[in-house]
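# Residue-level structure breakdown
So the chains spell out like this:
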Amino acid sequence: MSCNYADGLSPYDNKGKLGLSEEFDSEEEVNRKVDILAEWIQNSNHVVVHTGAGISTSAGIPDFRGPNGVWTLEAKGLKPSINISFDDAVPTKTHMALRKMIDLGKIHFIVSQNIDGLHLKSGVPRKYLSELHGNMFIEQCNHCHRQFVRKTATTSVGQKNLQIKCPGLRLNGRPCRGDLHDVILDWEHNLPEKDLGLADFHSCLADLSICLGTTLQIIPSGTLPLNTKKFNNGRLVICNLQPTKYDKKANLVIHTYVDDIMIKLMKKFNVPIPDYNPELDPTKGSEKNEWTIPESEVKLMRKLYEEKCCKSKRKKIKLEKSKDEDTETVEHKLDIQRENGNFSQLNQRELLDFIKSESKEGLKHESIKLEQTNEQEILEKKLTSIKSEVVTEEGTNDLNVIRDYNNVVSDINNVENRANDNGEKELLNQTECSENFVPELKASDSKSQVVEQNLIVN
Ligand SMILES: [Zn+2]
């Protein structure tokens, strides 16, 4: 398959800002900034790198929003001229430098939006990598959910059945008999739970997040690096040619090719960047390699996250359900009381699970409408609430739930960040903790039912 996999996805209009012009720092400026970056890496305890399409362009794979990106050209009715196959693409200097830094313990985790499999091919072990949008060289069983490495890129995208039987065994030693599917997300798919969980935990635990070759426009991938600042008062570094959504929040922004940055950085560390080695590439082995994230790793990171990032801060959510007998519509109102901090991706997932678990009608979400008071009102009324309306109907899915929820949470976080920039953070925190913030609930209404749950939050 050609590496313009976007052709296989469903049409989707909201692709963010396309074709912004690229910027280049002077050579001296890049050197000065790389010196700072090297020092920060040396002095940090937990370094997470977030990678996007920009780190694979030097492997011949086009990005999406760059001047010659897939979607920038698409908007002009054109297609990328450089387009090698995923099978022929090999890891770049950046991929190999990152693997070396993982080996040396200089960086501790990679969160990638890329589906090209180049981190996998570089030999990064599974526990150090989250691939949030899938990987062309991975297939997953629909029964046991184990993942396996393919020798060639998948023939489909969008989590379709590859008509290959799962090679895994059940506990009784018999074959699993599930079907393998590709793991490439289409627009409406949920992000892979374990990958997202690890990405979230590591981003929150990090004291340094480095973004390489991403404009940070996709949610939630693009907002994860901000957790490092919010949860840990850590540093954010952005290395990209185009300006990104969060340049103003970054402690350091470097505008040049990521390969150049990595070459200079590794020189500073006095460590050569290894060449790509097919012997360490799991797609080249004779064995059928497994690529499943161990449950134990997720549990371990969750424990660390809860110990270090949650402390005693808890958030109370109340869910009010009322059923209209005539239309058989169940309305859910979700009020969230935050004591501190922002919503993490983890919380979003927990909230959705909570809504589902409370929906005893075997609810399938058709749509969820989330509303929030606008920015001005939040500052004036000094409260933030999310109301959700879940309509039950047959034959539906969760996609809109996640997407809309993410958008609202992102908006709320943005509001809070802007408030922070304006020096109004303190005001928000004070008011959030006040008693007036407790939402009123119609518990006496016989048609309504109120449930409460405490969620651990940041
Ligand atoms: Zn299986």
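Fair warning: this is a prediction, and the values are worked out from it, not measured in the lab. (Residues numbered from 1 in each chain as written. Predicted model: local features only at pLDDT ≥ 70, side-chain atom pairs only at ≥ 80, totals over all residues.)

## Comments concerning the environment of Thr-214
What counts is decided by this rule: The secondary structure listing takes helices from DSSP runs of H or I that are at least 4 residues long and strands from runs of E that are at least 2 residues long, numbered from the N terminus. Throughout, a residue-residue contact means that the two C-beta atoms, derived from backbone geometry, are no farther apart than 7 Å.
Here Thr-214 is to be found in the loop between β8 (208-212) and α6 (226-232). Measuring from C-alpha to C-alpha, the distance between Thr-214 and Gly-52 comes to 4.4 Å, with 162 residues separating the pair along the chain. When near neighbours in sequence (up to four residues on either side) are disregarded, Thr-214 contacts His-50, Thr-51, Gly-52, Gly-54, Gln-113, Gly-222 and Asn-240.

## Structural notes on the sheet that holds strand β6 (residues 161-165)
Whenever strands of a sheet pair, they do so through backbone hydrogen bonds, lying parallel or antiparallel. The cut-off we apply is this: Any two strands with at least two DSSP bridges between them are considered paired. For helices, the fitted axis covers only the stretch in contact; all axes are lines through C-alpha atoms, and the angles between them, taken along N-to-C directions, range from 0 to 180 degrees.
If you walk across this open sheet you meet the four strands as β5-β4-β7-β6, and the pairing is antiparallel. Looking along the sheet, the strands with just one partner apiece sit at the ends: β5 (147-149) and β6. Between one strand axis and the next, the sheet turns by 35° as a mean value, whatever way the strands run. In this structure, β6 lies alongside strand β7 (residues 179-182), joined through three bridges in antiparallel fashion. Across the sheet, the residue bridging to Asn-161 is His-181, located in β7.

## Regarding the pairing of β7
Looking at chain direction, strand β4 (residues 138-141) and β7 are connected through three bridges and run antiparallel. Directly across from Cys-141, in β7, lies its bridge partner Leu-180.

## As for the UniProt feature "binding site: Zn(2+)" (unreviewed entry) in the protein
Under the convention used in this document: UniProt positions are given in the numbering used here, feature names are shortened, and annotations may be inferred rather than shown by experiment. Put simply, a residue is buried when 20 or more other C-beta atoms lie within 10 Å of its own C-beta and exposed when 12 or fewer do; between those, it is partly exposed, and each C-beta is set from the backbone.
The UniProt record marks Cys-141, Cys-144, Cys-166 and Cys-176 with the feature "binding site: Zn(2+)" (unreviewed entry), using the residue numbering of this structure. What stands out for the annotated residues spanning 36 residues is how close their C-alpha atoms remain, the widest pair being 8.8 Å apart. Positionally, Cys-166 belongs in the loop between β6 and β7. Judged by the 22 C-beta atoms lying within 10 Å of it, Cys-166 falls in the buried class. Among the secondary structure elements, Cys-176 is positioned in the loop between β6 and β7. Assessed through the 17 C-beta atoms surrounding it within 10 Å, Cys-176 is described here as partly exposed.

## Observations regarding the sheet that holds strand β2 (residues 109-112)
Read from one edge to the other, the open sheet built from six strands follows the order β3-β2-β1-β8-β9-β10, with strand pairing classed as parallel. Here the strands that pair on one side only, and so sit at the sheet edges, are β3 (129-131) and β10 (252-254). Sheet twist, expressed as the average angle between the axes of neighbouring strands with direction ignored, equals 15°. Alignment of strand β1 (residues 47-51) against β2, held across four bridges, turns out to be parallel. Looking at β2, one finds that Val-49 is bridged to Ile-110. In the packing of helix α5 (residues 193-205) onto the sheet, contacts are made with β1, β2, β3 and β8, and the angle to β3 comes to roughly 125°.

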